Amino acid sequence: MSPEPAKESSLAPLVLRLDPRAILGVTLAVVAAFVTHRGWLCVPLGLTRPAEITLGIVAVAATLWLTEAVPLFVTSLVILALELVWLSPALDPAHHGPTLFLNAFFSDVTLLFLGGFVLSVAIERTQLDRRISRALLRRAGTSPQRVLLAMMIATSVIGVWMSNTAACALMLGPAASMLARVPPGDGFRKALLLGIAFSANLGGLATPISSPPNAIVIRYLGAEAPSFAVWMALAVPLQVVLQLVLLVYLGRRYPSGVKAISLDDEPPRPFGRPQALVLGVFVLTVAGWIFGGALSISSGTVALLPVVVFFGTHLLRAPDLRALPWDVILLIGGGLALGAAVEQSGLAAWATQRLPTTGLPPFVVMGVVAVFAVVVSSVMSNTAAVNLLAPVVVGLEGVPSAPLLLVAAFACTLSMPLPVSTPPNAMAYGFSVDPAGRGEFTARDMIVPGTFLTIVGLGVLAAFTKLWFPRFLVF
């Protein structure tokens with residue numbers, strides 16, 4: 001009997017990536033870690049040892065995220081590993097331990113993402129996304145530019161009244177239906193997904209309930225907080241201007257060769273029990289996100305509702321769970337763990353204490369705070385960034401608290417250069433209509449438009465602070 005032929009291995013051959021950008025990223029990360037390990041920054045910068053280590057971890061994370069030397073979720077795991085084996089031993093063991101970073105990595109926000117993704121999958125499985133797509137196309141027409149405008153407006157308006165994670169999850173379903181017939185590589189694909197993500201972020205400006213930073217600012221201001229109507233009068237014009245800038249920018253940066261956006265001719269499934277269940281759970285989840293704070297129920301706890309109901313009723317099954325973008329969830333976990341390290345190590349306090357604001361006019365102080373807020377919230381959640389900034393900027397002398405805190409909150413919301421910067425960014429980055437699961441764009445595809453919108457947003461915010469906000473606030 002002749003021997004059986006050897007079976008071919010199913011493993012892909014190991015390929016070392018020799019991309020110059022990747023080599024540069026790894027090199028810079030190693031140099032940053034080495035300099036920090038040697039303790040060469042403590043004395044020149046006046047840092048404590050934990051803060052110096054955290055600065056090194058931030059440098060490692062930033063270089064790996066920007067260069068994509070390794071997959072972004074791998075960088076998140078590198079952050080967690082460095083915090084556990086390097087930073088944790090340097091902190092006071094009586095008050096901080098490894099669980100500090102583990103709790104941040106697998107936190108309430110992680111559950112929020114999980115619930116958002118599960119809602120998105122359920123909407124797609126029951127073809128509610130196709131119903132929404134058809135309704136939008138009937139009203140907006142089929143021109144790519146008009147469809148992009150309609151999707152951005154819908155996302156932004158929804159994001160005003162609910163979690164931007166939920167708004168993004170709801171609109172990514174219709175996006176999948178619209179992209180099904182758009183050729184790979186067409187500019188409309190990137191424009192639509194980035195437009196949805198950035199519009200969800202901008203929706204967080206409009207009302208006191210549209211994003212967590214706004215609620216935090218309201219809490220700090222107390223009796224000085226602007227009313228709901230005044231807040232909208234301040235923020236909605238800012239939001240509209242930035243939406244128009246975003247529309248023009250995406251249309252020109254990602255031109256489409258498609259004449260018309262169309263859906264397949266097959267009508268969606270009849271509206272039955274599964275669709276009613278998904279719609280009902282979606283409404284209850286959104287209501288929980290809006291009003292859960294009054295009942296002391298966190299957003300992550302509310303996000304468990306769709307997970308339990310949809311999998312418990314077998315509307316979704318185990319393969320759907322395995323198909324969720326876990327790499328994006330790990331990516332956000334790394335950002336949360338990094339934010340915890342920045343706060344607990346004293347690096348955030350060190351940086352805020354060195355804000356160059358002494359003797360400056362109030363308008364310039366607001367500009368400094370806005371720029372610092374953008375930088376900080378680029379690598380950590382905007383909620384954590386506002387929590388760090390609020391007690392510091394309230395204590396700045398010579399500047400009214402109300403406009404300063406509002407500017408800080410708006411600046412944090414406008415910070416969106418990286419997939420890790422905001423939940424909608426991460427969701428769009430992990431979105432795919434490819435059967436192989438490949439995303440529509442890389443992190444670098446998001447960095448350029450995200451940085452552009454952040455810089456333009458700061459400029460528009462400065463103009464509004466100077467010309468529009470004084471009509472409603474005392475400066």
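Since the structure is predicted, the reported quantities are computational estimates derived from the model, not experimental observations.

**Some words on the nonpolar core**
Now for step 1: Counting 145 residues, the largest nonpolar core has Met151, Met178, Leu192, Leu250 and Phe410 as the members making the most contacts within it.
Now for step 2: In this structure, Ala22, Ala32, Leu64 and Ala69 belong to the second largest nonpolar core, which totals six residues.

**Details of the pattern of salt bridges**
Now for step 1: Under the defined criterion, the tally for this structure stands at three salt bridges.
Now for step 2: Note that Asp320 and Arg125 form a salt bridge whose closest N and O atoms lie 2.6 Å from each other. In this pair, Asp320 is assigned in helix H15 (residues 318-322) and Arg125 in helix H6 (residues 108-125), connecting sequence segments 195 residues apart.
Now for step 3: Residue classification places Arg125 among the partly exposed residues on the basis of a relative accessible area of 35%.
Now for step 4: Lys190 is the salt-bridge partner of Asp445, the closest N and O atoms lying 3.4 Å from each other. Placement of the pair is Asp445 in helix H22 (residues 443-467) and Lys190 in helix H10 (residues 187-203), with a sequence separation of 255 residues.
Now for step 5: Judged by its relative accessible area of 25%, Lys190 falls in the partly exposed class.

**Observations concerning the packing of aromatic side chains**
Now for step 1: Overall, the coordinates contain six aromatic pairs when judged by the stated rule.
Now for step 2: Both rings, one in Phe34 and one in Trp40, keep their centres 5.6 Å apart while their planes meet at 85 degrees; by these two values the pair is edge-to-face.
Now for step 3: Ring geometry for Trp231 against Phe410: centres 5.7 Å apart, planes inclined by 85 degrees, an arrangement best described as edge-to-face. On the criterion of sequence distance, the pair formed by Trp231 in helix H12 (residues 228-253) and Phe410 in helix H20 (residues 401-414) is long-range, its members being 179 residues apart. Per residue, the accessibility class of Trp231 equals that of Phe410, and both read buried.
Now for step 4: Through pairs of rings, three or more aromatic residues link up here, namely Trp231, Phe410 and Phe469.
Now for step 5: The ring of Phe363 is capped by Lys466, whose NZ or CZ atom sits 5.0 Å from the centre of that ring.

So, how was this worked out
- Residues numbered from 1 in each chain as written.
- Predicted model: local features only at pLDDT ≥ 70, side-chain atom pairs only at ≥ 80, totals over all residues.
- Heavy atoms only, no water.
- Core = buried A, V, L, I, M, F, W, Y, C linked by side-chain atoms within 4.5 Å.
- Buried < 20%, exposed > 50% of the residue type's maximum accessible area, 1.4 Å probe, protein only.
- Salt bridge = Lys/Arg side-chain N within 4 Å of Asp/Glu carboxyl O.
- Helix = DSSP H or I, 4+ residues; strand = E, 2+ residues; numbered from the N terminus.
- Phe/Tyr/Trp six-rings, centres within 6.5 Å; stacked < 30°, edge-to-face > 60°.
- Lys NZ or Arg CZ within 6 Å of the ring centre and 35° of its normal.

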